[in-house]
Amino acid sequence: QANYFETESMPEPDARATGTIDRLDAAIRSLQPRARLVLKHLALCRQIHSFGDYEAFEENEYSPGQEVLLYTEIENFTSQPTSDGRQRTLLKSMITIQKDEPSGEVIQQIRVGATEDLCRSTRRDYFHNYEFKIPRSLPLGRYVLTLHVTDLLGNKTASESLKLTVR
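Predicted model only: the values in this text are computed from it and were never measured.

Caption draft 1: Here's a closer look at the overall build of the protein chain. Of the regular secondary structure elements, the protein chain holds one helix and ten strands. N-terminal to C-terminal, the α/β element order of the protein chain is α-β-β-β-β-β-β-β-β-β-β. Taken over the C-alpha atoms alone, the protein chain extends approximately 70 × 35 × 30 Å along its principal axes. Going through the 167 residues of the protein chain one by one, you find that 36% of them count as buried.

Caption draft 2: Molecular detail of the pattern of salt bridges. By the definition in use, this model includes eight salt bridges. Between D25 and R29 there is a salt bridge whose closest N-O contact spans 2.6 Å. You can see D25 and its partner R29 sitting in helix α1 (residues 13-31), four residues apart, about one turn around the helix. Classification of R29 by relative accessible area gives partly exposed; the value is 36%. R46 serves as the salt-bridge partner of E58, at 3.0 Å between the closest nitrogen and oxygen. Of this pair, E58 sits in the loop between β2 (53-56) and β3 (61-62) while R46 sits in strand β1 (residues 38-50); the two residues are twelve residues apart in sequence, bridging distant segments of the chain.

Caption draft 3: Spotlight on the pairing of strand β4 (residues 67-75). With seven of its nine residues buried, β4 lies for the most part within the structure. Examined bridge by bridge, β1 and β4 share six bridges and lie antiparallel to one another. The partner of K40 across the bridge, within β4, is E73. Where β4 meets strand β8 (residues 127-133), seven bridges bridge the pair, whose relative direction is antiparallel.

Caption draft 4: Unusual backbone geometry, seen in detail. Phi at N76 is positive, roughly 70 degrees, even though this residue is not glycine. If you check the backbone angles, N155 has positive phi at about 55 degrees while not being a glycine. Here N155 shows up in the loop between β9 (141-151) and β10 (156-166). Given the relative accessible area of 70%, N155 is considered exposed.

Caption draft 5: Geometry of the side chain of T89. Tracing the chain through its elements places T89 in strand β6 (residues 87-99). What makes T89 buried here is its relative accessible area of 1%. Here the side chain of T89 touches S79 through a polar contact of 2.7 Å, side chain to side chain. Contacts of T89, omitting those with residues within four sequence positions, involve F77, T78, S79, T115, E116, D117 and L153.

Caption draft 6: Structural detail: the pairing of β10. In this structure, β3 lies alongside β10, joined through two bridges in parallel fashion. The residue of β10 that forms the bridge with Y62 is V166. Pairing of β9 with β10 involves eleven bridges; the strand directions are antiparallel. The partner of H148 across the bridge, within β10, is S159. Linking two consecutive strands that pair antiparallel, namely β9 and β10, is a turn of four residues; a positive phi of about 55 degrees is found at N155 within it.

Caption draft 7: Just the packing of aromatic side chains, in detail. As enumerated under the stated definition, the model contains five aromatic pairs in all. Between F57 and Y62, the ring centres sit 5.2 Å apart and the planes meet at 85 degrees, which makes this aromatic pair edge-to-face. In this pair, the class of F57 matches that of Y62, namely buried.

Each value, and the rule that gives it
- Along each chain, residue indices are assigned from 1 in the same order as the chain's sequence is written.
- With the structure being a predicted model, the display of local features is reserved for residues of pLDDT at least 70 and the display and counting of side-chain atom pairs for 80 or more, all residues being used for whole-chain, interface and lining totals.
- Computation of side-chain values: all heavy atoms of the structure, hydrogens and water removed.
- We count a stretch as a helix when DSSP gives it H or I for four or more residues in a row; a strand needs E for two or more, and each element gets its number in order from the N terminus.
- The buried label goes to any residue with under 20% of its type's maximum accessible area, the exposed label to any with over 50%, and the partly exposed label to all in between, with areas taken from a 1.4 Å probe on protein chains only.
- Each reported salt bridge corresponds to a side-chain nitrogen of Lys or Arg within 4 Å of a carboxyl oxygen of Asp or Glu.
- Think of it this way: DSSP has to see at least two bridges between two strands before they count as a pair.
- Polar contact criterion, stated in full: a pair of N or O atoms within 3.5 Å, where within protein one must be able to donate a hydrogen and the other to accept it, and residues adjacent in sequence count only if both atoms are side-chain atoms.
- In what follows, a contact means two residues having at least one pair of non-hydrogen atoms within 4.5 Å.
- Each Phe, Tyr or Trp ring, with Trp reduced to its six-membered ring, pairs with another whose centre is within 6.5 Å; inter-plane angles below 30 degrees give stacked pairs, above 60 give edge-to-face pairs, and intermediate values give tilted ones.

Put into structure tokens, the structure is as follows:
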């Protein structure tokens, strides 16, 4: 057991720090499946390179039919061990576009099937990206795009929204 402030049994600061990080990491991994699902950094992008490395559009103004990428980081998802020793995550998504007004009529739904991720390590970070076109049928105006993600193994859902204009 590592305790960062226990200097007698473990005098080296780097060893104490390493041990403390290991214990904190284990605590976080055990709490994440119990915590609510969180979506962060939702952005419409030109290009997505990897986790946290994307080129978002400066203005949220788009043309009907324009191709876009939607980026989000996902936290507190559930992973389950598989028989071959990997960790399995299973997420399902839906994108809705609705008018930016009090009635909030949903104009378009884009369903994304279940996405399975298999990894030999427990993931510390995770992101999804979605490629789609701004619907040609959208009248010019202001809209709210909402990403809904469901963690099928953890039975929890999260949503995040951003505003956009079709010109």
